[in-house]
Amino acid sequence: GATLTLSEMYASFGKEAVLPEELTCKDVDKINVSRVQIYKDFGEGCSEENSYYLPDAYQDGQKVEIEIPVDSSVKMLRIDPAMCSCLCMIREVKWNGTPIPLNRRKMIIVNGQKIRTDNGLNVLFETEDPNINVNLELLKKEESNLLQAKMEVVKLSSPMVQELAATVKKYRYS
């Protein structure tokens with residue numbers, strides 16, 4: 001029937017199963033923050049009920065590659081790249097195989113500081129709840145769609161992210 005082992009249940013929460021004897025404090029922190037959570041907004045805002053974790057989003061520590069099936073009723077897709085303050089380097093976002101221009105106005109909405117580069121879009125998130133919102137209303141939808149994204153996520157301590165944010169603001173306004 002519809003039964004799951006404890007490790008399968010744990011993985012469905014977006015966490016990696018580990019052996020308790022191999023666990024250190026550093027590992028607990030890594031497991032808790034290195035998760036990607038997806039929210040689907042059907043026009044009523046994001047909610048935990050319409051969210052889920054991607055269990056294998058992190059490839060080798062910092063690289064994140066995701067594929068998200070999206071039906072036509074979704075208006076906005078929110079990607080939480082980590083559960084802590086971080087620098088997120090968005091390298092590529094594709095909609096049904098076609099690249100989305102990362103600098104298109106109102107296409108990618110974030111709750112961090114955007115830093116445009118030649119290699120994509122970097123976002124400095126000072127918050128413990130970083131999010132990247134993709135406005136699907138600006139894209140041509142089919143009945144079923146696929147959003148693909150490639151990014152690198154560097155987790156930062158609170159003092160480090162505050163120092164970087166101050167430097168970015170100073171540079172931007174000088």
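Scroll up a little and you will see the structure.
**Section: the environment of Pro55**
Secondary-structure assignment places Pro55 in the loop between strand 2 (51–54) and strand 3 (63–71). The exposure class assigned to Pro55 is exposed, which follows from its relative accessible area of 51%. Sequence separation of Pro55 and Arg35 is 20 residues, and the distance between their C-alpha atoms is 7.3 Å.

**Structural notes on the nonpolar core**
Residues Ile66, Ile68, Ile79, Ile132, Leu136, Leu147 and Met151 are the most contacted members of the largest nonpolar core, which totals 37 residues. Going through the elements one at a time, strand 1 (36–41), strand 3, strand 4 (76–80), strand 5 (86–95), strand 7 (108–110), strand 9 (120–125), strand 10 (132–135) and strand 11 (144–155) are the ones with two or more residues in this core. A per-element tally of this core places strand 5 first, with five residues.

**Looking at the pairing of strand 10**
Where burial is concerned, the two faces of strand 10 agree: the one with Ile132 and Val134 and the one with Asn133 and Asn135 are both buried. Summarising the sheet, strand 4 and strand 10 pair through four bridges and their orientation is antiparallel. Bridged to Met76 within strand 10 is Asn135. Here strand 7 pairs with strand 10 via three bridges, running antiparallel. Looking at the pairing, Ile109 lines up with Asn133 of strand 10.

What counts, and at which threshold
Residues numbered from 1 in each chain as written. Predicted model: local features only at pLDDT ≥ 70, side-chain atom pairs only at ≥ 80, totals over all residues. Heavy atoms only, no water. Helix = DSSP H or I, 4+ residues; strand = E, 2+ residues; numbered from the N terminus. Buried < 20%, exposed > 50% of the residue type's maximum accessible area, 1.4 Å probe, protein only. Core = buried A, V, L, I, M, F, W, Y, C linked by side-chain atoms within 4.5 Å. Pairing = 2+ DSSP bridges.

All quantities given are derived from atomic positions and should not be read as evidence of function.
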